[in-house]
Amino acid sequence: MVILLHGCSGEKPGQRFWIERLSGWGYAVLRLDSFSARGVQTVCAPALQPLVTAVDRSGDVISAALWLRTQPQIDGARIGVLGDSPGGGTAVTVTRRQYEVLYPGLLKAAVAHYGPCRSPELHGTVPLLALAGDADTWGFPARTCMEFAAALRADQPITVKIYPGVVHSFEVPNPGQLTYSQGHPVQYNAAAAEDSYAQVKAFLACHLVATP
(Lines give C-alpha, C1' and ligand atoms only; values in the text may rest on other atoms or scores of the structure.)
Protein backbone atom coordinates (compact mmCIF):
# COMPACT_ATOMS: atom_id res chain seq x y z
CA MET A 1 0.00 0.00 0.00
CA VAL A 2 1.39 3.41 -0.99
CA ILE A 3 0.10 6.80 0.15
CA LEU A 4 0.72 9.28 -2.67
CA LEU A 5 1.44 12.94 -1.85
CA HIS A 6 0.99 15.78 -4.35
CA GLY A 7 3.26 18.75 -4.96
CA CYS A 8 2.80 22.44 -4.22
CA SER A 9 0.05 22.95 -6.80
CA GLY A 10 -2.14 20.10 -5.61
CA GLU A 11 -3.59 17.32 -7.73
CA LYS A 12 -1.91 17.25 -11.15
CA PRO A 13 -1.52 14.81 -14.10
CA GLY A 14 1.83 13.65 -12.75
CA GLN A 15 -0.03 11.91 -9.96
CA ARG A 16 -2.05 9.93 -12.49
CA PHE A 17 1.17 8.54 -13.92
CA TRP A 18 2.31 7.48 -10.46
CA ILE A 19 -1.03 5.85 -9.69
CA GLU A 20 -0.81 3.85 -12.91
CA ARG A 21 2.82 2.94 -12.31
CA LEU A 22 2.34 1.86 -8.70
CA SER A 23 -0.81 -0.06 -9.54
CA GLY A 24 1.07 -1.79 -12.34
CA TRP A 25 3.65 -2.89 -9.80
CA GLY A 26 0.89 -4.43 -7.70
CA TYR A 27 0.34 -1.77 -5.03
CA ALA A 28 -2.90 -0.26 -3.87
CA VAL A 29 -2.63 3.54 -3.90
CA LEU A 30 -4.28 6.18 -1.73
CA ARG A 31 -4.03 9.63 -3.30
CA LEU A 32 -4.01 12.00 -0.35
CA ASP A 33 -5.28 15.53 -1.01
CA SER A 34 -4.01 17.86 1.69
CA PHE A 35 -5.39 21.05 0.10
CA SER A 36 -9.10 20.77 -0.71
CA ALA A 37 -10.38 20.32 2.84
CA ARG A 38 -8.26 23.31 3.90
CA GLY A 39 -9.58 25.51 1.10
CA VAL A 40 -6.11 25.81 -0.45
CA GLN A 41 -5.26 25.51 -4.13
CA THR A 42 -1.52 26.09 -4.15
CA VAL A 43 1.42 26.76 -1.84
CA CYS A 44 4.04 27.19 -4.55
CA ALA A 45 4.74 30.85 -3.79
CA PRO A 46 6.94 31.32 -0.70
CA ALA A 47 4.30 33.51 0.99
CA LEU A 48 1.74 30.69 0.71
CA GLN A 49 3.85 27.85 2.05
CA PRO A 50 2.83 28.36 5.72
CA LEU A 51 -0.78 27.62 4.74
CA VAL A 52 -0.06 23.88 4.62
CA THR A 53 3.25 22.74 6.04
CA ALA A 54 5.08 19.43 5.94
CA VAL A 55 4.12 18.91 9.58
CA ASP A 56 0.45 19.54 8.72
CA ARG A 57 0.67 17.03 5.90
CA SER A 58 2.49 14.51 8.09
CA GLY A 59 -0.59 14.51 10.29
CA ASP A 60 -2.65 13.76 7.19
CA VAL A 61 -0.38 10.83 6.36
CA ILE A 62 -0.60 9.41 9.87
CA SER A 63 -4.39 9.71 9.87
CA ALA A 64 -4.61 8.09 6.44
CA ALA A 65 -2.32 5.22 7.46
CA LEU A 66 -4.30 4.59 10.64
CA TRP A 67 -7.51 4.49 8.60
CA LEU A 68 -5.93 2.13 6.07
CA ARG A 69 -5.09 -0.26 8.89
CA THR A 70 -8.83 -0.64 9.51
CA GLN A 71 -9.57 -1.66 5.93
CA PRO A 72 -9.77 -5.44 5.51
CA GLN A 73 -8.57 -5.36 1.91
CA ILE A 74 -5.35 -3.53 2.87
CA ASP A 75 -2.27 -5.09 4.45
CA GLY A 76 -1.84 -2.57 7.25
CA ALA A 77 1.60 -3.95 8.07
CA ARG A 78 3.03 -2.76 4.75
CA ILE A 79 2.25 0.91 4.20
CA GLY A 80 4.64 3.28 2.46
CA VAL A 81 4.53 6.91 1.36
CA LEU A 82 5.73 8.59 -1.82
CA GLY A 83 5.73 12.30 -2.60
CA ASP A 84 6.96 14.86 -5.12
CA SER A 85 8.44 18.27 -4.23
CA PRO A 86 6.67 19.45 -1.01
CA GLY A 87 5.05 16.01 -0.98
CA GLY A 88 8.57 14.62 -0.98
CA GLY A 89 9.46 16.94 1.87
CA THR A 90 6.47 15.56 3.73
CA ALA A 91 7.66 12.01 3.05
CA VAL A 92 10.89 12.95 4.82
CA THR A 93 9.13 14.75 7.68
CA VAL A 94 6.72 11.92 8.45
CA THR A 95 9.68 9.62 9.13
CA ARG A 96 10.59 11.66 12.21
CA ARG A 97 11.17 9.81 15.45
CA GLN A 98 8.18 11.45 17.17
CA TYR A 99 5.74 9.72 14.81
CA GLU A 100 7.60 6.43 15.07
CA VAL A 101 7.34 6.51 18.87
CA LEU A 102 3.63 7.30 18.82
CA TYR A 103 2.77 4.89 16.00
CA PRO A 104 5.42 2.15 15.91
CA GLY A 105 5.60 0.23 12.66
CA LEU A 106 2.92 2.35 10.98
CA LEU A 107 5.08 3.26 7.98
CA LYS A 108 7.56 0.87 6.40
CA ALA A 109 9.10 3.03 3.66
CA ALA A 110 9.23 6.62 2.40
CA VAL A 111 10.18 7.98 -1.01
CA ALA A 112 10.98 11.64 -1.65
CA HIS A 113 11.23 12.85 -5.23
CA TYR A 114 13.09 16.21 -5.18
CA GLY A 115 11.72 17.16 -1.77
CA PRO A 116 14.04 18.95 0.66
CA CYS A 117 15.48 16.90 3.52
CA ARG A 118 15.52 18.85 6.75
CA SER A 119 16.17 18.30 10.49
CA PRO A 120 18.16 15.04 10.46
CA GLU A 121 18.37 15.21 14.24
CA LEU A 122 14.61 14.46 14.34
CA HIS A 123 14.73 11.51 11.95
CA GLY A 124 13.69 8.03 13.01
CA THR A 125 14.45 4.66 11.44
CA VAL A 126 11.87 4.33 8.63
CA PRO A 127 13.83 3.50 5.45
CA LEU A 128 14.04 6.55 3.19
CA LEU A 129 14.80 6.92 -0.52
CA ALA A 130 15.54 10.45 -1.78
CA LEU A 131 15.96 11.22 -5.48
CA ALA A 132 16.98 14.64 -6.81
CA GLY A 133 18.80 16.49 -9.56
CA ASP A 134 21.91 18.41 -8.62
CA ALA A 135 20.74 21.40 -10.68
CA ASP A 136 17.42 21.64 -8.82
CA THR A 137 17.27 25.03 -7.08
CA TRP A 138 13.76 24.62 -5.62
CA GLY A 139 14.62 23.77 -2.03
CA PHE A 140 18.00 22.40 -3.17
CA PRO A 141 16.98 18.79 -2.53
CA ALA A 142 20.26 17.24 -3.70
CA ARG A 143 22.37 19.27 -1.29
CA THR A 144 19.97 19.05 1.65
CA CYS A 145 19.42 15.30 1.26
CA MET A 146 23.14 14.56 1.00
CA GLU A 147 23.76 16.62 4.15
CA PHE A 148 20.81 14.88 5.81
CA ALA A 149 22.18 11.43 4.99
CA ALA A 150 25.64 12.34 6.25
CA ALA A 151 24.18 13.24 9.66
CA LEU A 152 22.35 9.92 10.20
CA ARG A 153 23.42 6.82 12.12
CA ALA A 154 23.94 3.36 10.69
CA ASP A 155 20.54 2.23 12.01
CA GLN A 156 18.75 4.97 10.05
CA PRO A 157 18.63 3.54 6.51
CA ILE A 158 18.67 6.09 3.71
CA THR A 159 19.51 6.00 0.01
CA VAL A 160 20.13 9.26 -1.85
CA LYS A 161 20.33 9.18 -5.65
CA ILE A 162 21.57 12.36 -7.34
CA TYR A 163 21.20 13.00 -11.08
CA PRO A 164 23.82 15.35 -12.59
CA GLY A 165 22.48 18.35 -14.50
CA VAL A 166 18.86 17.47 -13.72
CA VAL A 167 16.32 19.99 -12.43
CA HIS A 168 12.92 19.96 -10.71
CA SER A 169 10.04 17.68 -11.76
CA PHE A 170 12.41 15.48 -13.75
CA GLU A 171 10.22 12.35 -13.46
CA VAL A 172 6.90 13.88 -14.58
CA PRO A 173 6.43 12.96 -18.25
CA ASN A 174 5.99 15.95 -20.57
CA PRO A 175 7.38 17.07 -23.96
CA GLY A 176 10.65 18.00 -22.25
CA GLN A 177 10.93 21.74 -22.80
CA LEU A 178 12.59 23.76 -20.05
CA THR A 179 10.17 26.01 -18.16
CA TYR A 180 10.33 28.00 -14.94
CA SER A 181 8.07 27.95 -11.90
CA GLN A 182 8.54 30.49 -9.13
CA GLY A 183 11.87 31.27 -10.77
CA HIS A 184 13.12 27.67 -10.64
CA PRO A 185 13.92 25.53 -13.72
CA VAL A 186 11.53 22.62 -14.33
CA GLN A 187 12.09 19.94 -16.96
CA TYR A 188 11.40 16.28 -17.61
CA ASN A 189 14.51 14.15 -18.07
CA ALA A 190 13.78 10.76 -19.58
CA ALA A 191 17.00 9.04 -18.49
CA ALA A 192 16.76 10.25 -14.89
CA ALA A 193 13.04 9.50 -14.81
CA GLU A 194 13.48 5.90 -15.96
CA ASP A 195 16.28 5.30 -13.49
CA SER A 196 14.22 6.81 -10.67
CA TYR A 197 11.29 4.53 -11.51
CA ALA A 198 13.60 1.54 -11.24
CA GLN A 199 15.03 2.85 -7.95
CA VAL A 200 11.55 3.31 -6.48
CA LYS A 201 10.33 -0.07 -7.68
CA ALA A 202 13.29 -1.88 -6.12
CA PHE A 203 13.07 0.12 -2.89
CA LEU A 204 9.36 -0.55 -2.41
CA ALA A 205 9.79 -4.22 -3.25
CA CYS A 206 12.48 -4.44 -0.58
CA HIS A 207 10.40 -2.85 2.15
CA LEU A 208 6.74 -3.45 1.28
CA VAL A 209 6.56 -6.82 -0.44
CA ALA A 210 6.09 -9.87 1.76
CA THR A 211 8.81 -12.47 1.47
CA PRO A 212 7.65 -16.04 0.79
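Residues numbered from 1 in each chain as written. Predicted model: local features only at pLDDT ≥ 70, side-chain atom pairs only at ≥ 80, totals over all residues. Heavy atoms only, no water.

Novice: Which parts of the structure should I look at to understand unusual backbone geometry?
Specialist: The phi angle of most residues is negative, glycine excepted, and most peptide bonds adopt the trans form. You will see that S85, though not glycine, has its phi angle at about 55°, which is positive. Of note, S85 is situated in the loop between β3 (80-84) and α3 (86-93). Within the chain, F140 stands out as a residue other than glycine whose phi angle is a positive 45°. Assignment of secondary structure puts F140 in the loop between β5 (128-133) and α5 (141-150). Using a relative accessible area of 40% as the deciding quantity, one classes F140 as partly exposed. (Helix = DSSP H or I, 4+ residues; strand = E, 2+ residues; numbered from the N terminus. Buried < 20%, exposed > 50% of the residue type's maximum accessible area, 1.4 Å probe, protein only.)

Novice: So what exactly am I meant to see when it comes to the packing of helix α2 (residues 54-68) against α3 here?
Specialist: Two quantities define a packed helix pair, namely the angle between the helix axes and the distance between the axes. Two elements in contact, α2 and α3, have axes whose closest approach is 9 Å; the angle formed by their N-to-C orientations is 70°. Regarding the angle of α2 to α3, the classification is roughly perpendicular. For the crossing formed where α2 meets α3, the hand is right-handed. The residues of α3 that touch α2, namely those facing A54, V55, R57, S58 and V61, are P86, G87, G89, T90 and T93. Here the contact of α2 with α3 is built from residues that sort into four nonpolar, five polar and one charged. (Axes fitted to C-alpha atoms, helices over the stretch in contact; angles between N-to-C directions. Parallel < 35°, antiparallel > 145°, perpendicular 65-115°, else oblique. Left-handed = near helix turned anticlockwise from the far one by under 90°. Contact = heavy atoms within 4.5 Å. Nonpolar A, V, L, I, M, F, W, Y, C, P; charged D, E, K, R; others polar.)

Novice: Please clarify how the state of the cysteines should be interpreted in this entry.
Specialist: What is meant by a disulfide is a covalent connection between two cysteines, made through their sulfur atoms. Taken as a whole and judged by the stated rule, the model has two disulfides. The side chain of C8 participates in a disulfide bridge whose partner is C44; the two sulfur atoms lie 1.9 Å from each other. Residues C8 and C44 are joined through a disulfide that is right-handed, its torsion about the S-S bond being 85°. In this pair, C8 is assigned in the loop between β1 (2-5) and α1 (13-24) and C44 in the loop between β2 (29-32) and α2, connecting sequence segments 36 residues apart. Looking at C44, the relative accessible area reads 10%, which means it is buried. Numbered in order of appearance, the disulfide-bonded cysteines of the protein are paired 1-2, 3-4. (Disulfide = S-S within 2.5 Å.)

Novice: What is the right way to read helix α6 (residues 190-208) from this model?
Specialist: In an α-helix there are 3.6 residues to a turn, and that puts residues three or four apart on one side. Taking 1.5 Å of rise per residue, 19 residues should cover 27 Å, and α6 covers 26 Å from first to last C-alpha, within 8% of that figure. Burial in α6 covers these residues: A192, A193, S196, Y197, V200, F203, L204 and L208. All buried residues of α6 lie within an arc of 140° about the axis, which places them on one face of the element. Along α6, exposed side chains directed more than 90 degrees from the buried face belong to A191 and C206. The N-cap residue of α6 is N189: its side-chain oxygen and the backbone nitrogen of A191 are 3.3 Å apart. (Expected span 1.5 Å × (residues − 1). Arc of directions from axis to C-beta. Polar contact = N/O pair within 3.5 Å; in protein donor to acceptor, adjacent residues only side chain to side chain.)

Novice: I keep staring at the packing of aromatic side chains and nothing clicks. Help me out?
Specialist: One pass over the structure, following the stated rule, counts four aromatic pairs. Ring plane angle 90° and centroid distance 5.8 Å describe the contact between W18 and Y197, whose orientation is recorded as edge-to-face. Of the two residues, W18 sits in helix α1 while Y197 sits in helix α6, which places them 179 residues apart along the sequence. Here W18 and Y197 have matching classes, each one buried. Measuring from centroid to centroid gives 5.6 Å for Y114 and F170, while their planes differ by 65°, and the two rings are edge-to-face. With Y114 in the loop between β4 (109-113) and β5 and F170 in the loop between β6 (158-163) and β7 (179-181), this pair connects stretches of sequence that are 56 residues apart. Here Y114 and F170 have matching classes, each one buried. Among the aromatic residues, ring-to-ring pairing joins W18, W25 and Y197 into one connected group. One residue, R16, lies across the ring of F17, its end atom 4.8 Å from the ring centre. (Phe/Tyr/Trp six-rings, centres within 6.5 Å; stacked < 30°, edge-to-face > 60°. Lys NZ or Arg CZ within 6 Å of the ring centre and 35° of its normal.)

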